[in-house]
Amino acid sequence: MARWCYRHRLVVLVLWVGALLGLGFAGSAAGTNYADTFTLPNTDSTRAYSLMEKAFPERSGDTDTVVWKVDDGSVRDGSVRSRIEPALKEIGRMKGVGDVSSPYAAQGATQISENGRIAYAQVTFTEQANGVPKELVQDVVDSAQDAERAGLQVELGGQAITRIQEPPTGIAEMVGIMAAAVVLFLAFGSVFAMLLPLVVAIAALGTGLMATSLLSHVTDVPEVAPLLGSLIGLGVGIDYALFIVTRHRRGILRGMKPEESAVTALNTSGRAVLFAGGTVCIALAGMLVMNMRFLDGVVVATSLTVVLSVLAATTLLPALLGLLGMRVLSRKQRRRLAVTGPEPAEASGLAARWATYVQRRPRSIAAGALVVMVILALPVLSIRLGATDQGNHKDSTTTRQAYDLLAEGFGPGFNGPLQVVVDGGDTDALVSAIRSTEGVAQVAAAPPSQGVTVIQVVPTTSPQSERTDQLIDRLRDDVIPESGTEAHVGGVTAVFKDFAAVTGDRLPYFVAAIITLGFLLLMVAFRSLVVPLTAALMNLIAAAASFGVLVAIFQWGWGTGLLGLGKEGPITAFLPVIMLSLLFGLSMDYQVFLVSRMHEEWVHTKDNARAVRVGLAETSRVINCAALIMICVFSAFVLSGDMEGAMAGIGLAAAVALDAFILRTALVPAAMHLLGNSNWWLPAGLEKRLPHLAVEPREEEVSEPHARVPDADGGSTVIHGFVRTPDGVPVEGAALTLLSKGGRQLDRVTSLADGSYIVSVPSAGSYLLAVTAAEHPSRARHVMVGAEPLVYDVELAEDEVDAVN
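The rules behind each value
Within each chain, residue numbers correspond to sequence positions counted from 1 in written order. This being a predicted model, a pLDDT of at least 70 is required before a residue's local features are given, and a value of 80 or more before pairs of side-chain atoms are given or counted; all residues contribute to the totals for chains, interfaces and linings. Side-chain measures were taken over the full set of non-hydrogen atoms in the model, leaving aside hydrogen atoms and water. One bridge is not enough; two strands pair if DSSP finds at least two bridges between them. Here a strand is any run of E in DSSP of at least two residues, a helix any run of H or I of at least four, and the numbering for each starts at the N terminus. The convention used is that axes are lines fitted to C-alpha atoms, helices contributing only their stretch in contact, and that angles between N-to-C directions extend from 0 to 180 degrees. Contacts are assigned to residue pairs that have any heavy atoms within 4.5 Å of one another. Values of pLDDT, which run from 0 to 100, indicate the predictor's confidence residue by residue. In a helix, the anticipated span is given by 1.5 Å times the number of residues less one. Under the rule applied, a polar contact is a pair of N or O atoms within 3.5 Å (in protein, one hydrogen donor and one hydrogen acceptor; residues adjacent in sequence only if both atoms are side-chain atoms). For classification, angles of less than 35 degrees are called roughly parallel, those exceeding 145 degrees roughly antiparallel, those between 65 and 115 degrees roughly perpendicular, and all remaining angles oblique. Two helices crossing with the near one rotated counterclockwise from the far one by less than a right angle form a left-handed crossing, whereas a clockwise rotation gives a right-handed crossing. Each residue gets one of three labels, nonpolar for Ala, Val, Leu, Ile, Met, Phe, Trp, Tyr, Cys and Pro, charged for Asp, Glu, Lys and Arg, and polar for the others, Gly among them. Three exposure classes are used, based on accessible area relative to the maximum for each residue type with a 1.4 Å probe and protein chains only: buried under 20%, partly exposed in between, and exposed over 50%. By nonpolar core we mean a set of buried residues, namely Ala, Val, Leu, Ile, Met, Phe, Trp, Tyr and Cys, connected to one another through side-chain atoms within 4.5 Å. Aromatic contacts are taken between Phe, Tyr and Trp rings whose centres are within 6.5 Å, Trp giving its six-membered ring; a plane angle under 30 degrees counts as stacked, one over 60 as edge-to-face, and the others as tilted. We count a charge as sitting over a ring when the NZ of a lysine or the CZ of an arginine lies within 6 Å of the ring centre and within 35 degrees of the ring normal. Criterion for a disulfide: a pair of cysteine sulfur atoms within 2.5 Å. The salt bridge criterion pairs a side-chain nitrogen of Lys or Arg with a carboxyl oxygen of Asp or Glu, the two atoms within 4 Å. The patch calculation keeps residues exceeding 30% relative accessible area without a salt bridge and links them within 9 Å when they carry like charges or within 5 Å when they are nonpolar (Val, Leu, Ile, Met, Phe, Trp, Tyr). Method for areas: the Shrake-Rupley scheme with a 1.4 Å probe, in which residue coverage is limited to the protein chains shown.

Draft legend 1. Structural detail: the sheet that holds strand β7 (residues 440-445). Strand order in the open sheet formed by 4 strands is β7-β8-β6-β9, and the pairing between neighbours is antiparallel. A single partner strand is all that each edge strand has here, and the edge strands are β7 and β9 (487-490). Taken over all neighbouring pairs, the strand axes of this sheet differ in orientation by 20 degrees on average, direction set aside. With 6 bridges connecting them, strand β6 (residues 418-423) and strand β8 (residues 452-459) associate as antiparallel partners. Across the sheet, the residue bridging to Val422 is Thr453, located in β8. The strands that helix α3 (residues 44-55) touches are β6, β8 and β9; relative to β9, the one it contacts most, it runs at about 100 degrees. The strands touched by helix α17 (residues 466-483) are β6, β7, β8 and β9; relative to β9, the strand with the most contacts, the crossing angle is about 175 degrees.

Here you go:
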């Protein structure tokens, strides 16, 4: 397929452009229909909401708050009322607003603070927050804040209000792409090579987001799904293309023609990309184990984006490589290749020196890396799941200022009232019992409707306080049962407490599912028990350390001011599920790319130390470059304006950094050196029963070899002959390099004074023989070797067209 896409590049480009334009037109015409079907079956808060929806349908929508404060006097003054009341009446007449409760109404005395300087009105929409049109929310904000004057401050809070404070969509993605472009240019030194991964990622992301918007009309897709799809799609799209482009460039630099190099790159790194994409999708599908309906849409959106990223990397990328040809290298690299010939296959530089250092000191490196990861993981022991609210917003936002005004005027618990919903029975006794309960500041019962009564309970502590959680437990376990009344505790605070509890109960099953699936995949791919077991342990270590970083920043508040993230608070309850899915998928990517190269070397040499050293030397640089791009992309989501998005971005950036720079570069290779040949152990009985899934390709046949002897089965042999000019003059000191079709160096020799040479060949098959000599053009020829030695003379002509370039 890679060769077809390379040769029919214009057809492939037209198909991709057509897909982008077609999906874009269809998506624009159909619009979006995202639905946050957030339900927690069989929980107390869900039962409370169901009763409220039945008895008070007009109040089942989102309730937001308009808060005002006077610097002098009282909110009851006529000058204040004359400005606030018309605004509240105007809001009440808006389509989509179900009810407005004013403190100036007969029942509104409790909506004015004791000192008379702060008051609030509640605006109840007919829909939940995500279903309220942003235009309506903006009209409510404008009408309320038009009442401001000197000495009168008006602020608004609530879930619907939060939506209009979000920055324009696409800012985080654009910043991530720009940062990735800088990293790619520094890595490749070529504008064209830099653009390749970006074009592939943007094509995959564009088609993925448009397809997700269309899917929202036929299935429930939450509004957070496109954000998470962008987060994962942009990262893996760039990374997958980066791995293939790097392998392609390496092939050309080692003497292969652009088309053969592209085909080889797709047949090696492309296979790893397919396998890695599959592992990411499997890790994402693990969220289905949680049995939470709103996660289903997240799985669909993110998996679709990953699939399209793999498709773009294996079809669009070879077409683009065909368009660029040799220009995928920088001008400096092309000039050097023309003058000095192909590079040696053995890796050199810092990566090779580090790989050798790890081989010499595996114990100290493994111990040091493990200590660092354990220290970073320590904060995870104090992790507390919950919900962020307006109290965590930046000080400059109207939602944060409204939150602070309500806490100032009515107490910290006023921002997260509990709703005890009573289905029949005597409420007076229950109200009295709740009022005398420790941790309760205020209790008020609304008039019943259809036999259902709602008792609003204001705690003495803030919604995110552990003491508020303890109050909910007391009400459910002691106060309500002792009253003999059928009642349920609901409200936003109770909902997120229930969600955190459900997440904590199901998380072990989720982790077990994705680890087991990943273990089985790696076992089949690498024919080993130790490699997948090591990968599973490393994934758990990376997860613990990344959540430790998350707790330190967002829960303990270390650095939130510098990052402009608002106030510290608990970790959002659903974040562990989504983060673990993405983290396990991305960790598997790096494990596959690292170990597949090691396994390829192990299959050829059966030398574990060499396999680990060569695999690390040849892949560590590209893995670190890919990780740096991921870190840029994920960190940019701090700019999304969404606290959950910022948490996911920072958490994943930390996870990728730790995984690539510490685990895959130090701890994994050090552990593999210590384990020795047992890395590749698999019981014989299991070997026979497992299906064969090859990540590494077999060597390809060459359709038109330049020299060939009859094929035969046999062991090692040689290629020998002379290097001469057309006049028969021997060429001394010519470098001859024998390469496998995958680009691996097998032997390298220098011609003698009479021009003779002899290179060792491991077995019969197809190889590439590259020849370089001073003052002569470089040559690279395919040769087919059988069981007997192959005689192959090389002629170097000064006026010959350079065969490599």
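Here the narrative resumes.
Draft legend 2. Just the confidence of the model for the protein chain, in detail. Predicted confidence across the protein chain gives a mean pLDDT of 82, with 91% of residues reaching 70 or more. For the protein chain, the element scoring lowest by mean pLDDT is strand β11 (residues 707-708), at 38; helix α14 (residues 362-377) scores highest, at 94. Contacts for the low-pLDDT stretch residues 799-805, under 50 throughout, to residues beyond four places or in other chains number 20 contacts.

Draft legend 3. Molecular detail of helix α8 (residues 191-215). Helix length check: α8, at 25 residues, gives a terminal C-alpha distance of 36 Å against a target of 36 Å (1.5 Å per residue), a fit within 8%. Taking the backbone nitrogen of Phe192 as reference, a side-chain oxygen 3.4 Å away marks Ser190 as the first, capping residue of α8.

Draft legend 4. Quick peek at the packing of helix α21 (residues 575-605) against helix α22 (residues 608-635). Interhelical geometry of α21 versus α22 gives an angle of 160 degrees and a closest axis separation of 8 Å. Here α21 is positioned roughly antiparallel relative to α22, judged by the angle of their axes. Relative to α22, the crossing made by α21 is right-handed. When grouped by side-chain class, the residues that make up the contact of α21 with α22 number 15 nonpolar, 4 polar and 4 charged.

Draft legend 5. Spatial organisation of unusual backbone geometry. The phi angle at Gln450 is positive, at roughly 55 degrees, despite the residue not being glycine. Considering the arrangement of structural elements, one finds Gln450 in the loop between β7 and β8. Given a relative accessible area of 59%, Gln450 falls into the exposed group. Here Arg527, not a glycine, exhibits a phi torsion of approximately 50 degrees, which is positive. With respect to the element layout, Arg527 can be found in the loop between α18 (492-526) and α19 (530-555). Look at Arg527 and you get buried, because its relative accessible area is 12%.

Draft legend 6. Representation of the nonpolar core. Grouped together as the largest cluster of nonpolar side chains are 158 residues, with contacts concentrated most on Ile238, Met287, Phe510, Phe554, Tyr590, Ile629 and Phe634. Top contributing element to this core by residue count: helix α23 (residues 643-675), with 19 residues. One finds Val66, Trp68, Ala87 and Leu136 within the second-largest nonpolar core, a separate group that totals 30 residues.

Draft legend 7. Molecular detail of α17. Here α17 is 18 residues long and its end C-alpha atoms lie 25 Å apart, about the 26 Å a rise of 1.5 Å per residue gives. Turning to α17, its buried residues number three or more, namely Thr468, Asp469, Leu471, Ile472, Leu475, Arg476, Val479 and Ile480. For α17, the side-chain oxygen to backbone nitrogen distance between the N-cap and Arg467 is 3.1 Å, and the N-cap itself is Ser465. A positive phi of about 75 degrees marks Gly484, the residue just after α17.

Draft legend 8. Quick look at the packing of aromatic side chains. Counted by the stated rule, this structure contains 8 aromatic pairs. Each ring, one from Trp68 and one from Tyr104, has its centre 6.1 Å from the other, and the planes form 35 degrees; the classification is tilted. A residue pair is termed long-range when its members are at least 10 positions apart, and Trp68 in strand β1 (residues 63-70) and Tyr104 in the loop between β2 (97-101) and β3 (118-125) qualify at 36 residues. What makes Tyr104 buried here is its relative accessible area of 13%. Clustering of aromatic rings is evident, with ring pairs tying together Tyr120, Phe410 and Phe414. A cation over a ring is seen here: Arg9 above Tyr6, with NZ or CZ 5.5 Å from the ring centre. One residue, Arg327, lies across the ring of Phe192, its end atom 5.5 Å from the ring centre.

Draft legend 9. Representation of the sheet that holds β3. Strand order in the open sheet made by the 4 strands is β2-β3-β1-β4, with antiparallel pairing throughout. Of all the strands in the sheet, just β2 and β4 (152-157) have a single pairing partner and so form its edges. In this sheet, adjacent strand axes meet at a mean angle of 20 degrees when their direction is disregarded. As paired strands, β1 and β4 are joined by 6 bridges and run antiparallel to one another. Within the sheet, the bridge partner assigned to Val67 lies in β4 and is Glu155. Helix α4 (residues 78-92) rests against β1, β2, β3 and β4 of the sheet, and its axis sits at about 160 degrees to β2. Set on the sheet, helix α5 (residues 134-145) makes contact with β1, β2, β3 and β4; between it and β4 the angle comes to about 165 degrees.

Draft legend 10. Structural context of the state of the cysteines. Scanning the model with the defined rule gives 0 disulfides in all. Cysteine Cys281 remains unbridged, with the sulfur of Cys5 as its closest cysteine sulfur at 20 Å. Residue classification places Cys281 among the buried residues on the basis of a relative accessible area of 18%.

Draft legend 11. Fine view of the pattern of salt bridges. Here the structure, examined in full by the defined rule, presents 11 salt bridges. Here Glu260 makes a salt bridge to Arg3, at a shortest N to O gap of 3.0 Å. With Glu260 in helix α10 (residues 258-285) and Arg3 in helix α1 (residues 2-7), this residue pair connects regions lying 257 residues apart in the sequence. Judged by its relative accessible area of 18%, Glu260 falls in the buried class. Members of the salt-bridge network, linked through shared partners, are Arg3, Arg7, Glu259 and Glu260.

Draft legend 12. Highlighting a nonpolar patch on the surface. Among the surface-exposed residues, Val182, Phe185, Leu186, Val191, Phe192, Leu195 and Val199 lie close enough to one another that they form a single nonpolar patch of about 630 Å² accessible area. Counting only elements with at least two residues in the nonpolar patch, the list comes to α7 (171-188) and α8. When residues of the nonpolar patch are assigned to their parent elements, the largest contribution, 4 residues, is made by α8.

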